[in-house]
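Below, each chain spelled out in residue letters.
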Amino acid sequence: MPVILATDLIVYALALSAAWFAVKTRRDGNVRAAWLELRRRRLAMISLALIALYAAVALADSIRYRDAAQGGGYSAEALSLLDRAASGLRTRAEKTYSAPFSGRLFSKESVELPDGRVVRDYPALKYPGAHWLGTDKVGGDILFASLKGVRTGIVIGAGATIVVIPFAIFFGVVAGYFGGVIDDVVQYVYTTLASIPGVLLIVAFMLLFGGRGYQGGLISEKDVALAFFVPNDRLFWLCVILGITSWTDLCRLIRAETLKLRELEYVQSARTFGAGGLRIIYRHIVPNLMHLVLITFVIQFSGLVLAESVLSYIGIGVGPEMGSWGNMINTARLELSREPVVWWNLLAAFIFMFGLVLPANIFGDAVRDALDPRLRGR
Amino acid sequence: MFSYIVRRILYAVPIVVGVNCLTAALFFYVNTPDDMARKILGEKNVTPAAIENWKAGHGYNLPAFVNAKESGLGTLTQTVFFQKSAPLLWLDFGRSDRNNIDIGGEIKTRMWPSLAISVPIFIAGLASELFVAMMLARWRGTLLDLWGLVASVVMMSVSALFYIIGGQYVLGKYLMLFPISGYDAGVHSIKFLVLPVVIGVISGVGSGVRFYRTVFLEEMGKDYIRTARAKGLGEGRVLFKHGLKNAMIPVLTNVVVSIPFLFYGSLIMETFFSVPGLGNFTIDAIQSQDFAIVRSMVYLGSILYIVGLILTDISYTLVDPRVRLE
């Protein structure tokens, strides 16, 4: 029995749009030209491959179902494909901290030797060699925790923009095309939103909405209200509010571009042929705005992933139960003040985050250069 | 000029009112005073009488948006919305929900630690970003430029949290060069300020250098630069004298808007380094769910942003005589 979270839809939407672009590359000459331009950059392609790897992990972590239980009905927990594939990492918990590749626990305990004597020593792990990146305070595998963070990172990076793209296009195009009072109202709305400092708007919003619905961790019976769909999910609200704070830039860009496109010859000629406003917008204006949408999407991606860690630190990010790099950094802060230092939680979060944000930055630049003709060939 | 500024301020009025309405709607409509009272008094064992009492004590006992009991203007003014949001327009922040402290007074005292940490970061950060960006633009296309660019992309891919945690650990705990966190008034504050300032500059330098480098490269392709070179000026003089002056407009667009925010400090830096500034104040309010403070800070932030936009427009006239504000 499948269980779908609201944020799973975002991951599915991301996968579908990637597939759509792949098809479009074969059919559409302009997209193809941009793709060939992009293909020439080796660094951008390596980055894309890395991002795709992260996205694949996120997708595997977004397809989840409940097993049929023995006495009829279904088991309480809905495990994702990732949970199932990595069940070795998930279930082999130790007692407490252990360093990467270590065969022993990190703290001394009373250990009974084979000859019956009891000494204080570092006890051997139950599963030596299983935890490549070490274990956390309750003995959970750090590699698995980092992998669970991948979905959160991808959902935040992509979801925040995906959620608001339709609104940004609609309001931007309507304001730019029809002008007049509509333009004034739309401009007023986004100027007002933009003048509230982003982080504070996020704080206000998350304090009010964040407490409702699924908070992360195991999906229990009470979360699954509508048969198999979980509509309320803290991560989803986070995407919505991050989207609301970032859509103003996109909307402003689209409005300006629509103002320009509206006066171009091909739109004029469509109008003389008697095409209506909606048809012109749909056939002639929106397709010519899509490069702006794509550029904004990839450029904003890395910033949003970084924002998640900061918000989780302030305590208004994803729930503490949900796997996220921000939460890992947050716990690592206290571990660094231990003596001796527990450093591997921080290191793992750093590596996984850096491995997504750096390729996203490089790929974002490459996409902008390839799609924005003013920068092309430089 | 004066009439322009007056007009700009008048334009800003509807936006300020809009921000005020939006925050009030967020805080009063979605989260009713009853919810707030329950959060403050504790979720459990709270009687309806105690809630009414708290609401009366903090001025939340009026209807939310329309008061049907009053007549005339009173139907609109005798409401929580008006009583709580209108005073903000003349910067009367009222008292906090939890400890009944005077928010306006608190802002005035906490502004100074915030400034002590944010002004040095701002100045040192901007200077170093501009300098490095100009060095890269001066030797564009060389290995220095390439590696400088690589370094700045790598640096901007690291979360600010890592810089803070790493800096505190390496410089504070391991090398013991500076105290890890804390604050002191007056001259003694300097030893506490060095570490946050260094970290603040480092964490912003990546994206800054990359942005300003693009700005300078754009300028270097223009005709007046070719003219300056044709006159026989050295590359350094061309860049610092001619390029820098003409690159001021995009630089100012990026910089001036953030100047009013220096009062505000930085949310994360201040909590990590226990600086008793406004950022720390806000985080405390968020964590104790004191909505009166959070609402005041949201409003103050918006005002500072709008002031920043007006300052940006005025600053254009200072660097570019072609810009006329009429």
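Owing to the predicted nature of the structure, the values given are computational and were not obtained by experimental measurement.

**Description of the overall build of chain A**
Counting its regular elements, chain A contains 14 helices and 6 strands. Counting only C-alpha atoms, chain A reaches 100 × 50 × 40 Å along its principal axes. Of all 378 residues assigned to chain A, the portion counted as buried reaches 48%. Computing the positive centroid from 38 side-chain charges and the negative centroid from 30, chain A places the two 6 Å apart.

**Things to note about the domain arrangement of chain A**
Residue and element names in this part refer to chain A. According to the domain assignment, chain A contains domain 1 (2-92 + 141-371) and domain 2 (96-140). Centre-to-centre, using C-alpha coordinates, domain 1 lies 40 Å away from domain 2. Across the contact, 16 residues belong to domain 1 and 15 residues belong to domain 2. Of the roughly 1300 Å² buried where domain 1 meets domain 2, counting both sides, 69% is carbon and sulfur surface. Interface area lost by domain 1 to domain 2 is led by Arg-92, Asp-141 and Trp-344, which between them contribute 50%. Seen at the junction of domain 1 and domain 2, the total is 0 salt bridges.

**A look at the domain arrangement of chain B**
All names here are of chain B. Split into domains, chain B comes out as domain 1 (2-90) and domain 2 (103-325). In this assembly, 21 residues from domain 1 lie in contact with 16 residues from domain 2. Buried area between domain 1 and domain 2, summed over both chains or domains, comes out near 1700 Å², and the portion from carbon and sulfur atoms is 75%. In this structure, the connection of domain 1 to domain 2 is made through 1 salt bridge. Put simply, Asp-313 and Arg-8 hold a salt bridge, and the shortest N to O gap is 2.2 Å. Across the contact surface, domain 1 and domain 2 share 2 residue pairs in polar contact (both at pLDDT 80 or more). Broken down by secondary-structure element, the contributors of at least two residues to the side of domain 1 that touches domain 2 are α1 (2-30), α2 (33-41) and α5 (80-89). Looking at which element gives the most residues to the side of domain 1 that touches domain 2, the answer is α1, with 12 residues. Broken down by class, the residue content of the side of domain 1 that touches domain 2 amounts to 14 nonpolar, 4 polar and 3 charged.

**A look at helix α11 (residues 235-246) of chain B**
All names here are of chain B. The first and last C-alpha atoms of α11 sit 15 Å apart over 12 residues, in line with the 16 Å expected at 1.5 Å per residue. Among the residues of α11, those classed as buried are Glu-235, Val-238, Leu-239 and Gly-243. The arc that holds every buried residue of α11, seen down its axis, measures 90°, which confines them to one face. In this structure, the buried side of α11 is in contact with α6 (103-138), α9 (189-220) and α10 (223-230).

**Some remarks on the interface of chain B and chain A**
Counting residues at the interface gives 42 residues for chain B, matched by 41 residues for chain A. With both chains or domains summed, chain B and chain A bury close to 3600 Å², and 77% of this area falls on carbon and sulfur atoms. Between chain B and chain A we count 1 salt bridge in total. With its nearest N and O atoms 2.3 Å apart, the salt bridge here joins Asp-365 of chain A to Arg-210 of chain B. On inspection of chain B and its partner chain A, the count reaches 6 residue pairs in polar contact (both at pLDDT 80 or more). At the level of elements, α1, α7 (143-156), α8 (160-174), α9, α13 (267-272), α14 (278-287) and α15 (291-319) of chain B are the ones that each hand at least two residues to the side of chain B that touches chain A.

**Remarks on the packing of aromatic side chains**
Applying the stated criterion across every chain yields a total of 12 aromatic pairs over all chains. Centre to centre, the rings of Phe-350 of chain A and Phe-162 of chain B are 5.0 Å apart; their planes meet at 85°, and the pair counts as edge-to-face. Here Phe-162 of chain B lies in helix α8 and Phe-350 of chain A lies in helix α14 (residues 344-371), a pairing that spans two chains. Classification of Phe-350 of chain A by relative accessible area gives partly exposed; the value is 28%. What makes Phe-162 of chain B buried here is its relative accessible area of 10%. An aromatic cluster of at least three residues, connected via ring pairs, comprises Tyr-97, Trp-343 and Trp-344 of chain A.

**Overview of unusual backbone geometry**
Leave glycine aside and you will find that most residues have negative phi; peptide bonds, for their part, are mostly trans. All names here are of chain B. Backbone geometry places Ser-274, a non-glycine residue, at a positive phi of 45°. For Ser-274, the position within the fold is in the loop between α13 and α14. With a relative accessible area of 38%, Ser-274 lands in the partly exposed category.

**Some words on the packing of helix α2 (residues 29-39) of chain A against α14 of chain A**
Residue and element names in this part refer to chain A. Where α2 contacts α14, the axes come no closer than 9 Å and their chain directions differ by 135°. The angle between α2 and α14 places the two elements in the oblique class. Like other packed secondary-structure pairs, α2 and α14 cross with a definite hand, here right-handed. Counting all contacts with α2, which are made through Ala-34, Glu-37 and Leu-38, the residues of α14 involved are Phe-363, Ala-366, Val-367, Ala-370 and Leu-371. Grouping the constituent residues of the contact of α2 with α14 by class yields 7 nonpolar, no polar and 1 charged.

**Notes on the pattern of salt bridges**
Residue and element names in this part refer to chain A. Counted under the stated rule, the structure contains 22 salt bridges over all chains. In this structure, the salt-bridge partner of Arg-151 is Asp-8, at a minimum N-O distance of 2.6 Å. Of this pair, Arg-151 sits in helix α6 (residues 142-178) while Asp-8 is found in helix α1 (residues 6-27), placing the two residues 143 residues apart along the sequence. Owing to a relative accessible area of 4%, Arg-151 belongs among the buried residues under this scheme. When its relative accessible area of 0% is taken as the criterion, Asp-8 is described as buried. One salt bridge in this structure joins Arg-117 and Asp-115, with 3.4 Å as the shortest N-O distance. The exposure class assigned to Asp-115 is exposed, which follows from its relative accessible area of 56%. Connected via shared salt-bridge partners are Glu-37, Arg-40, Arg-41 and Asp-369.

**What to know about α6 of chain A**
An α-helical turn contains 3.6 residues, so any two residues separated by three or four positions project in the same direction. Residues and elements named next belong to chain A. Between its first and last C-alpha, α6 extends 54 Å over 37 residues, near the 54 Å set by a 1.5 Å rise per residue. Approximately 40° is the largest bend angle found in α6, and it occurs at Ile-165, with the proline Pro-166 only one to four residues beyond. Of all the 37 residues making up α6, 28 are buried; the element is thus mostly covered by neighbouring parts of the structure. With a side-chain oxygen lying 2.9 Å from the backbone nitrogen of Leu-143, the N-terminal cap of α6 falls on Asp-141.

**What to know about the packing of α1 of chain A against α6 of chain A**
Residues and elements named next belong to chain A. At a minimum axis separation of 9 Å, α1 and α6 run at an interaxial angle of 80°. Considering the angle they form, α1 stands roughly perpendicular to α6. For the pair formed by α1 and α6, the contact residues are Thr-7, Asp-8, Ile-10, Val-11 and Leu-14 on the first element and Arg-151, Ile-154, Val-155, Ala-158, Gly-159, Ile-162 and Val-163 on the second. Grouping the amino acids of the contact of α1 with α6 by side-chain chemistry returns 8 nonpolar, 2 polar and 2 charged.

**Quick notes on the pairing of strand β4 (residues 109-112) of chain A**
Residue and element names in this part refer to chain A. Bridge count between β4 and strand β5 (residues 118-121): 4 bridges; the pairing is antiparallel. Directly across from Ser-110, in β5, lies its bridge partner Arg-120. If you look at the hairpin formed by β4 and β5, you'll find 5 residues sitting between the two strands, and Gly-116 has a positive phi there, around 95°.

Parameters at a glance
Residues numbered from 1 in each chain as written. Chains lettered and ligands numbered in written order. Predicted model: local features only at pLDDT ≥ 70, side-chain atom pairs only at ≥ 80, totals over all residues. Heavy atoms only, no water. Helix = DSSP H or I, 4+ residues; strand = E, 2+ residues; numbered from the N terminus. Buried < 20%, exposed > 50% of the residue type's maximum accessible area, 1.4 Å probe, protein only. Lys, Arg positive; Asp, Glu negative; His and termini not counted. Charge placed at Lys NZ, Arg CZ, Asp CG, Glu CD. Domains from an automatic or database assignment. Contact = heavy atoms within 4.5 Å. Buried area = accessible area lost by both parts, 1.4 Å probe. Salt bridge = Lys/Arg side-chain N within 4 Å of Asp/Glu carboxyl O. Polar contact = N/O pair within 3.5 Å; in protein donor to acceptor, adjacent residues only side chain to side chain. Nonpolar A, V, L, I, M, F, W, Y, C, P; charged D, E, K, R; others polar. Expected span 1.5 Å × (residues − 1). Arc of directions from axis to C-beta. Phe/Tyr/Trp six-rings, centres within 6.5 Å; stacked < 30°, edge-to-face > 60°. Axes fitted to C-alpha atoms, helices over the stretch in contact; angles between N-to-C directions. Parallel < 35°, antiparallel > 145°, perpendicular 65-115°, else oblique. Left-handed = near helix turned anticlockwise from the far one by under 90°. Bend = angle between axes of the 7 residues up to and from the residue. Pairing = 2+ DSSP bridges.

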